[in-house]
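Breakdown of the fold
Here is what each chain is made of, one letter per residue.
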Amino acid sequence: MNDLLNRIDKELIKKAELLLDESTQISIIPHSGPDGDALGSSQALYQYLIKKGKKAQVISPSAYPVFLRWLPENSKVWIYTNGKKKAEEYIRSSDLIFIVDHNSLKRSGDLEAVLEKAKAKKIMIDHHPEPEQIADVMFSDTQMCSTCEMTYEFIEALGDEDVIDTDISECIYTGIITDTGGLSYNSSHARTYQIVGHLIAKGIDKSKIHSNIYDNFSPDRMKLLGHCLDGGLEVLPDYQAAIISLGKEDLLRFNYKDGDTEGFVNYPLSIQGMLISVIFIEKDDMVKISFRSKGNVPINIVARDFFNGGGHMNAAGGRSELKLQEAIDLFKKVLPKFYKSLDQ
Ligand code: 5GP
Ligand code: MN
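Bear in mind that the values here come from a model prediction, so they are computed numbers and not experimental data.

As for the coordination of the manganese ion (ligand 2)
Only Asp 37 (OD), Asp 101 (OD), His 127 (NE2) and Asp 179 (OD) from the protein coordinate the manganese ion (ligand 2), and they sit 2.1 to 2.4 Å from it. Read from N- to C-terminus, the donor residues coordinating the manganese ion (ligand 2) fall into the pattern D-x63-D-x25-H-x51-D. Linking Asp 37 in helix 2 (residues 36–51) with His 127 in the loop between strand 5 (121–126) and strand 6 (137–140), this pair joins segments that are 90 residues apart in sequence. The burial state of Asp 37 is the same as that of His 127; both residues are buried.

Next up, the structure:
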């Protein structure tokens, strides 16, 4: 049963193994505004490397929401914007850098220039399309549901499955479920479930993880969601699309905190017949946009071509320097042509 076997390239593993053997100090960099997959894979790798006797450090380019701060080794993570000098010094004296869950240094945010200058060898582990040549060893596989799944395969391919303990398993499981909407999309490979089976056998507390990630709304956040699904929602049935718009005044009204809108963009896809859902969020200096779609609707093309972004076919993101309403108008303008181009 080939689809139950480790899918990591064995030649690349040999190269990574050499780099690991030669290195003592290692930096691990998730993408800016890290999500469950970026943090889960970073912290899984961190714990693995520490157990292998390396000096390692996760350096997140930016802060992240409270529902991701419970991971087993969270307290060890450095946030670049909270201590730039120390982080730059650590990266400068590293002999190996892992770039995880992103494939373009633009997504390393404020660390972009630091990483470009760094002399260390780099290993990338990522599952997004259109990778840029940013590392000496590039593990890039869009078939993987998450970077966490790749991290499991990576450690197993190094012959170290037995090093994966309960804490590492909880990190890996977190990325697998947050990147697949709790194994609902982008998760049709048998191997994913075999890996989940292994993680459960390692003793993870599935209910605790689900509860930490999903059952942690503040009352304000719940009300903000209510607003998004009521006054903030516009359904465009002709194009099987829905738009949520959040202005600064809405964020203020509901005491917005970082991460409060996480996952909101998925809700309109529960409306019968919807194929596309987009949320526009007005920030201080730009409009942040998240795109979701179903089936063979490559919404990442819209993110890439019109909103300075990209991502996966069904989950993408971008930004616009336009005003909130102008950004929404631009989307409404390009939507009919995009919709017509769909192969349905
Ligand atoms: P989210 O909507 O949850 O912020 O992001 C969903 C996916 O879109 C991410 O996993 C990432 O692949 C992609 N993405 C989000 N923002 C950006 C962006 O600014 N640029 C690119 N290239 N991809 C993004
Ligand atoms: Mn991911």
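Concerning the pattern of salt bridges
Per the stated rule, a full pass over the model turns up 16 salt bridges. Among the salt bridges present, the one from Lys 106 reaches Glu 132, with a minimum N-O distance of 3.6 Å. On the criterion of sequence distance, the pair formed by Lys 106 in the loop between strand 4 (96–100) and helix 4 (112–117) and Glu 132 in the loop between strand 5 and strand 6 is long-range, its members being 26 residues apart. With relative accessibility at 59%, the residue Lys 106 sits in the exposed group.

Focus on the site of ligand 1
Lining the immediate environment of ligand 1, one finds Arg 107, His 128, Lys 288, Ser 290, Arg 292, Gly 309, Gly 310, Gly 311, His 312, Ala 315, Ala 316 and Gly 317. In this structure, Gly 310 approaches ligand 1 through a main-chain N or O atom, which is 3.0 Å from a nitrogen atom. Here Gly 317 contributes a backbone N or O atom positioned 3.2 Å from an oxygen atom of ligand 1. For ligand 1, whose accessible area on its own is 490 Å², the fraction buried by protein is 77%. Mapped onto the shell around ligand 1, the elements with two or more residues apiece are strand 10 (287–293), strand 11 (310–311) and strand 12 (315–320). Among the residues forming the shell around ligand 1, the class breakdown is two nonpolar, seven polar and three charged.

Structural notes on the nonpolar core
Within the largest apolar cluster, 51 residues are counted, with the highest numbers of intra-cluster contacts made by Ile 28, Phe 98, Ile 123, Ile 125, Phe 139 and Phe 154. Setting aside residues no more than four positions away along its own chain, Ile 123 makes contact with Ala 16, Leu 19, Leu 96, Ile 97, Phe 98, Ile 99, Ala 135, Val 137 and Phe 139.

A look at the packing of helix 6 (residues 166–178) against helix 8 (residues 206–214)
When two helices pack together, their arrangement is given by the angle between the helix axes and the distance between those axes. Put simply, helix 6 and helix 8 touch, their axes get as near as 11 Å, and they point 55° apart. When the axes of helix 6 and helix 8 are compared, the pair comes out oblique. For the pair helix 6 and helix 8, the crossing hand works out as right-handed. Residues Glu 170, Tyr 173, Thr 174, Ile 177 and Thr 178 of helix 6 form the contact with helix 8, whose participating residues are Lys 206, Lys 208, Ile 209, His 210, Ile 213 and Tyr 214. A class-by-class count of the residues in the contact of helix 6 with helix 8 yields five nonpolar, three polar and three charged.

Focus: the layout of surface pockets
Taken as a whole, the second largest pocket encloses approximately 160 Å³ of empty space. Surrounding the second largest pocket, Pro 65, Val 66, Phe 67, Arg 69, Asn 216, Phe 217, Ser 218, Arg 221, Lys 257, Asp 258, Gly 259 and Asp 260 form its lining.

Criteria and thresholds
- Every residue gets a number counted from 1 within its own chain, in the order that chain's sequence is written.
- All chains are assigned letters beginning with A, and all ligands numbers beginning with 1, in the order in which they are written.
- With the structure being a predicted model, the display of local features is reserved for residues of pLDDT at least 70 and the display and counting of side-chain atom pairs for 80 or more, all residues being used for whole-chain, interface and lining totals.
- In computing side-chain properties, one takes all heavy atoms of the structure into account and sets aside hydrogens as well as water.
- Here a donor is an N, O or S atom found within 2.8 Å of the metal, or within 3.2 Å if the metal is Na, K or Ca; sites may look incomplete because water is not among the atoms.
- The numbering of helices and of strands both runs from the N terminus, where a helix is a DSSP run of H or I of at least 4 residues and a strand a run of E of at least 2.
- Relative accessible area decides the class of each residue, using a 1.4 Å probe on protein chains only: under 20% of the type maximum gives buried, over 50% gives exposed, and in between gives partly exposed.
- The term salt bridge refers to a pairing of a side-chain nitrogen on Lys or Arg with a carboxyl oxygen on Asp or Glu at a separation within 4 Å.
- If a single non-hydrogen atom of a residue is within 4 Å of a molecule or strand, that residue counts as near it.
- In protein, a polar contact requires one atom able to donate a hydrogen and another able to accept it; more generally it is a pair of N or O atoms within 3.5 Å, and residues adjacent in sequence count only if both atoms are side-chain atoms.
- Only the protein chains shown count as cover for residues, with accessible areas throughout obtained via the Shrake-Rupley method and a probe of 1.4 Å.
- Charged residues are taken to be Asp, Glu, Lys and Arg, nonpolar residues to be Ala, Val, Leu, Ile, Met, Phe, Trp, Tyr, Cys and Pro, and polar residues to be all remaining types, Gly included.
- To form a nonpolar core, buried Ala, Val, Leu, Ile, Met, Phe, Trp, Tyr and Cys residues must be joined to one another through side-chain atoms within 4.5 Å.
- Throughout, a contact is declared for two residues whenever any of their heavy atoms are within 4.5 Å.
- Only the contacting stretch of a helix is used when fitting its axis, a line to C-alpha atoms as for every element, and angles between N-to-C directions run 0 to 180 degrees.
- Roughly parallel here means an angle under 35 degrees, roughly antiparallel means over 145, roughly perpendicular means 65 to 115, and every remaining angle is called oblique.
- For a crossing to be left-handed, the near helix must be turned anticlockwise from the far one by less than a right angle; the clockwise case is right-handed.
- Lining residues are defined by having an atom within 4 Å of a point belonging to a cavity or pocket. Those points lie on a 1 Å grid over the protein atoms alone, cavities being sets where a 1.4 Å probe fits but cannot get out and pockets being open sets with protein on both sides within 12 Å along at least five of seven lines.
- Grid points are joined across faces, edges and corners, and a volume is the space filled by probe spheres set on the points.

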